[in-house]
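In case you want the letters, here they are:
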Amino acid sequence: MAVTSRENAPRSKRALWIPLLIWSIFAFALHFAAPLLNGVRILGFPLAYYLAAQGALIIFAMLGFWVALPWRGAPRANIAPLFVGMSTAGLWMSGAAPVALIGALYAYGYDGLAFALGLTGGFVLVGCVVAPAFARAQSASLEDFLAKRTGGIAAPYAATAMLLVCLTLLVSAEFEVVRRLVSPIFANTRFTDASGALGEAWVLVLPVIMATIIAVIQTRVTLSLQAVSYVAILCLVGGAAALMSLVAFDIAIPQLAYGHGLQDLAVLERSLILDGLSDPAVVQPFAKSNNSFSAENFAALSISLMLGAAVAPHLLTRISSSGPDPIARQASAWSLFFVVLLVITLPAIATLTKLDIYSSIARGMTMSSVPNWLEQSAYSTTPPLCAHECAEPGGRLHVQDVTIDPEAILPSVAAISRLPEALSWLLIGALAVAALLCAGSMIAVMAGALRFVLSAPETEGGEQPNRKSALVRAALTVPLAVIAGVVAGQLQADLITRIAWALSLAASGLFPMILLAAISPRANSIALAVGGLTGFAVALYYIVGTQNFPVQFLGLWHEVSNMPPWRLEAFEEVRQNCRDAVPGACAEAQTMARELANWWGIDTRAVGIIGAPIGFVVACLVSLPTQLLRRATV
């Protein structure tokens, strides 16, 4: 006899605490002990590195299926959960995300694994809490869920405003990836003037047009294309990683082989320092923890990204539209499985690429013996060699002389692994198509949210508005795509920072609203709107203040900065020189302030750790008087 969701509900609610506890341990708790755990090795990996790069991600995937197990007797869905999971993985991890993630893993080493944890761990929360709540409310969108749960319009309106900001940042990252992938095609063509500016404009216009078309004609074909693009990228990236590990260690399984690569890399790092080919003040050990982030920032970053991913509007729309609660849990589990399948391959490529470069330097690499893929990479925004001045002009290259753009690694991975040029172009094409599909899907979600609030009924209950014509949908889609294109061209931030900012803002504003609406029957629309907007505003103020107005921000909040007093005193001296119109002092003050401006040392990309609690507290405080007021007026 089939087991029904009603019979399983009590058991599943009690059982959810176990996977959530395990999730919290592997998501962030263990990584506070990283320096101690790295003293132990498993398969050549430092233990903390292995847990963050593979162990925790495998645990997350197992937890996803554990949560879905009670629903084995679930009814059949319109679209198989496995297919929905694959298309969701294509939506999440086949455009800008893998390009940005492998760049972070290459640039930050162990500390970059915080991004890998954050981009995967949120799916556990989706399967445990968010997807079931959406399915019970029979909602396929974030704004519809809040309207049905709260019976008001304040929360859907506030959520839509925050949704637009977060998804615009994510879409801008997709457009930036497409721009960088197709820019070499437009080089030295009639679209490009002497400075290259006209070509840059054209390569941003094209993805905007394509994404708009995809957003307007959203069909099941889009889901199929995203699944196909995910499979293509997984096969090409996995094949390149397997070839790299086979050449280096005679092992065709990169997830096992690059543990030996980490050992060899550690030996090379020490020998390069002894040979004077590496500056220890500039180049930090790759597998060592807390080089770029403190342990607190590592945990804050992974938590912020997880909370943001758990309420990412385009993911929730895709998963919740797959069917009722049992089907939604299964779709979430398969999504996490396919995401993990790709993510655990990326650290191997980052490690083996760095090992290849360091080995070439140790063998005496000069300007005339640079690997072809490094010298000819068309996807780097910075000169790969001696961007400022060579340590030995005309002689051997040092580690600090090779300034490869981390975000150029994935587009160049076929060339790095010496695969045929045709496969390299195939990977570039797959990444560009995937980015356009992701952008189009997110723009469609933004247009749907706008259409919902613009036609929301005046009465309570959050009824689904009538569908507009294709012309109205296009009228909403076009300006959203254009705005995202403008942001892509103007925002001075790398891909991983754009993604992290978007998810941290979602964690600060949307996560408190969604979680309280899911677990609290007393949640009311006004309280959720005020709480969510407050957390979102705090996070946005922190990002904008530290990035665009660092001098003013530091002057106001210097007491909570984690910088030592002597650095703050040095900043005050430079700031006074700026007031006295000393040449160059103002620019120096801006640079120093951007390093010093913070709240308790929290990275701007991890600001969700500040915004989310504020959103929760404010929503709870506002809910009490609004409930009393409502009762008094009844």
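About the cut-offs
Residues numbered from 1 in each chain as written. Predicted model: local features only at pLDDT ≥ 70, side-chain atom pairs only at ≥ 80, totals over all residues. Heavy atoms only, no water. Helix = DSSP H or I, 4+ residues; strand = E, 2+ residues; numbered from the N terminus. Expected span 1.5 Å × (residues − 1). Buried < 20%, exposed > 50% of the residue type's maximum accessible area, 1.4 Å probe, protein only. Salt bridge = Lys/Arg side-chain N within 4 Å of Asp/Glu carboxyl O. Phe/Tyr/Trp six-rings, centres within 6.5 Å; stacked < 30°, edge-to-face > 60°. Lys NZ or Arg CZ within 6 Å of the ring centre and 35° of its normal. Core = buried A, V, L, I, M, F, W, Y, C linked by side-chain atoms within 4.5 Å. Contact = heavy atoms within 4.5 Å. Lys, Arg positive; Asp, Glu negative; His and termini not counted. Axes fitted to C-alpha atoms, helices over the stretch in contact; angles between N-to-C directions. Parallel < 35°, antiparallel > 145°, perpendicular 65-115°, else oblique. Left-handed = near helix turned anticlockwise from the far one by under 90°. Nonpolar A, V, L, I, M, F, W, Y, C, P; charged D, E, K, R; others polar.

1. Observations concerning helix 15 (residues 325-343)
So, step 1. Given a rise of 1.5 Å per residue, 19 residues ought to cover 27 Å, and the 27 Å separating the end C-alpha atoms of helix 15 matches this to within 8%.
So, step 2. Burial within helix 15 is extensive, with 15 of its 19 residues counted as buried.

2. Brief notes about unusual backbone geometry
So, step 1. Of note, the phi angle at Asp250 is positive, near 60°, even though the residue is not glycine.
So, step 2. Position of Asp250 among the secondary structure elements: in the loop between helix 11 (220-249) and helix 12 (254-274).
So, step 3. A relative accessible area of 68% means that Asp250 is categorised as exposed.
So, step 4. Of note in this structure, Trp600 is not a glycine but carries a positive phi near 55°.
So, step 5. Looking at where Trp600 falls in the secondary structure, it is placed in the loop between helix 25 (585-596) and helix 26 (608-633).

3. Some words on the pattern of salt bridges
So, step 1. As enumerated under the stated definition, the model contains six salt bridges in all.
So, step 2. Residues Asp144 and Lys148 are paired through a salt bridge, measuring 3.3 Å at the closest nitrogen-oxygen approach. Taken together, the residues span about one helical turn, with Asp144 and Lys148 both in helix 8 (residues 142-150) at a distance of four residues.
So, step 3. Judged by its relative accessible area of 34%, Lys148 is partly exposed.
So, step 4. The network of salt bridges with shared partners includes Arg180, Asp405 and Glu407.

4. Comments concerning the packing of aromatic side chains
So, step 1. Counting across every chain of the model gives 25 aromatic pairs.
So, step 2. Between Phe45 and Tyr50, the ring centres sit 5.4 Å apart and the planes meet at 55°, which makes this aromatic pair tilted.
So, step 3. Residue classification places Phe45 among the buried residues on the basis of a relative accessible area of 0%.
So, step 4. Residues Phe553 and Trp557 carry aromatic rings whose centres are separated by 6.4 Å and whose planes lie at 40° to one another, so their mutual orientation is tilted. Within this pair, Phe553 and its partner Trp557 are both found in helix 23 (residues 550-557), separated by four residues, close to a single helical turn.
So, step 5. Its relative accessible area of 32% is what places Trp557 among the partly exposed residues.
So, step 6. Members of the aromatic cluster, each reached through a chain of ring pairs, are Phe45, Tyr49, Tyr50, Tyr110, Tyr258 and Phe298.
So, step 7. Over the aromatic face of Tyr106 sits the side chain of Lys354, whose NZ or CZ is 4.3 Å from the ring centroid.

5. What to know about the nonpolar core
So, step 1. Tyr49, Phe60, Trp92 and Leu146 are the most contacted members of the largest nonpolar core, which has 212 residues in total.
So, step 2. It is helix 19 (residues 421-454) that contributes the most residues to this core, 21 residues altogether.
So, step 3. Ignoring sequence-local partners within four residues, the contact set of Leu146 consists of Gly151, Ala155, Pro156, Ala159, Met513, Ile514, Ala517 and Leu528.

6. Details of the side chain of Asp111
So, step 1. In this structure, Asp111 sits in the loop between helix 6 (96-108) and helix 7 (113-136).
So, step 2. No salt bridge is formed by the buried Asp111; the nearest opposite charge belongs to Lys288, separated by 8.0 Å.
So, step 3. Discounting chain neighbours no more than four positions away, the residues touching Asp111 are Ser289, Asn290, Asn291, Ser292, Phe293 and Phe298.

7. Observations concerning the packing of helix 7 against helix 14 (residues 313-320)
So, step 1. Helix 14 packs onto helix 7 with a crossing angle of 60° between their chain directions and a minimal axis gap of 11 Å. Compared by their axis directions, helix 7 and helix 14 come out oblique. Considering how the two elements wind past one another, helix 7 and helix 14 form a crossing that is right-handed. Facing helix 7, whose interface residues are Phe123, Val126, Val130, Ala131 and Phe134, helix 14 presents Leu315, Leu316, Ile319 and Ser320.
So, step 2. Grouping the constituent residues of the contact of helix 7 with helix 14 by class yields eight nonpolar, one polar and no charged.

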